[in-house]
Amino acid sequence: SDPVVLAGQPGKRVFHHLEPAGRRSLAVADDAVAVTWEDDRDGTPRVYLSRGKAGSRNFAKPIQLSGAGEAYDPVISAIPGGRFMVAWEEDGQVYARLVDEHEAGPVLKLSSSTAAQPVLASQGKSVVAAWSERAGQHGQIQLAELDITGSKLSVHKRCRADAEEAKDEQLYPTLVAVDEDLLIAWEDRRPGHTIIMAAHGRPCELSAPVRVSETIEQRSAVYGKGHGVSRVALTGHGKKRVLAVWADKRDFREGYDIYAADYEAGKGFGSNMLVQDDFGGVARQWHPTAAGHENGVL
């Protein structure tokens, strides 16, 4: 079908971005659809949301969710009752708020020090948020289970996704609910180069993290300690399975390739799989995401 313009300012130099961790800028709650993004229409990056009816071309005028500061990387999650929760980074902190058909609820500050890259996942009657927050010298993945009372959000409990102190940067988390538990994955630089790590379990009762991106032969003792990976995304498919997909530089000749690994509750992650076709070996690949259905289709 023809595209629906949600945020267009013809003739103006406005930059629109949909670049959050986990690639979650679109959500469907009952018969409502909502999209969130950041743009600089008034000269400052701010977070906006527009909602409409599923199957309709009519979307409401965008509303501003962020405050007076510079805001980036909004993410969205559907809540029962046609509502949505949105989280974003603003002036180096992470915030969230609930949005229903008529208004946006109070803003809740999630972080306690410099933070960025929030993600969200709905789990039953609660919502789980994660983000990267400075802890000493390094960013570490924080996790919070949130309660919803009317239009207000509050933190029920909060913890680190990895119980150990971060040995290097932990960045760009992503979340998905699976088989009444939670699966969280993120970029981790503990071996001196970037790998994908993941943990599972109830919020703040997570397993010890495991490595998802496989170890490959080190090809140089001079140039770096290993290959890089970037921006993991997760999606459930079927009742107990999740696919993780990311950009991977293990073949260094043409930049990033796209790799994936399948997770099954109770069994863990399988082997890494090359997702792209043969042409991808001579063309750079970027920005992977994935969507799955309860019937198992990816």
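Residue positions are given per chain, counting from 1 as you read along its sequence in written order. Where totals are concerned, whole chains, interfaces and linings use all residues; where local detail is concerned, this predicted model gives features only for residues with pLDDT of at least 70, and gives and counts side-chain atom pairs only at 80 or more. Heavy atoms throughout the structure, all of them, feed into the side-chain values; hydrogens and water do not.

Focus: the state of the cysteines
In this description, the term disulfide denotes a pair of cysteine sulfurs within 2.5 Å. Applying the stated rule across the entire model yields 1 disulfide. The side chain of Cys159 participates in a disulfide bridge whose partner is Cys204; the two sulfur atoms lie 2.3 Å from each other. Measuring handedness by torsion sign, the sulfur bridge of Cys159 and Cys204 sits at about -95° and is left-handed. Taken together, the positions of Cys159 in strand S13 (residues 152-160) and Cys204 in the loop between strand S16 (195-202) and strand S17 (205-206) put the pair 45 residues apart, joining distant regions of the chain. With relative accessibility at 18%, the residue Cys159 sits in the buried group. Exposure categories follow from relative accessible area, calculated using a 1.4 Å probe and restricted to protein chains: below 20% of the type maximum is buried, above 50% is exposed, and the middle band is partly exposed. Accessibility expressed as a relative area gives 26% for Cys204, which makes it partly exposed. Secondary structure follows DSSP: runs of H or I at least 4 residues long count as helices, runs of E at least 2 residues long count as strands, and numbering of each begins at the N terminus.

Re the pairing of strand S14 (residues 170-178)
S14 sits mainly inside the fold: 7 of its 9 residues count as buried. Where S14 and strand S15 (residues 181-188) come together, 7 bridges link them in antiparallel fashion. The residue of S15 that forms the bridge with Val176 is Leu183. In this description, strands pair whenever DSSP reports at least two bridges between them.

Let's talk about the sheet that holds strand S11 (residues 126-135)
In space, the 4 strands of this open sheet follow the order S10-S11-S12-S13, with antiparallel pairing throughout. Either end of the sheet is taken by a strand with one partner, and the two such strands are strand S10 (115-123) and S13. Adjacent strand axes in the sheet meet at a mean angle of 25°, parallel and antiparallel pairs treated alike. Bridge count between S10 and S11: 7 bridges; the pairing is antiparallel. For Ala115, the partnering residue across the bridge sits in S11 and is Glu133. To get an axis, fit a line to the C-alpha atoms, keeping to the stretch in contact for a helix; angles then go from 0 to 180 degrees between the N-to-C directions.

Here we look at the packing of aromatic side chains
For any two aromatic rings, the description comes down to two numbers: the centre-to-centre distance and the angle of the planes. Aromatic pairs are defined between Phe, Tyr and Trp rings, using the six-membered ring for Trp, whenever the two ring centres lie within 6.5 Å; interplanar angles under 30 degrees are classed as stacked, those over 60 as edge-to-face, and all others as tilted. Going through the model one piece at a time under the given rule, you end up with 4 aromatic pairs. With 6.3 Å between their ring centres and 25° between their planes, Trp88 and Tyr95 make a pair best called stacked. Assigned by exposure class, Trp88 and Tyr95 land together as buried. Here the guanidinium or amino end of Arg250 rests over the ring plane of Tyr259, the centre of that ring lying 3.9 Å away. In this scheme, Lys NZ or Arg CZ marks a charge over a ring once it lies within 6 Å of the ring centre and within 35 degrees of the ring normal.

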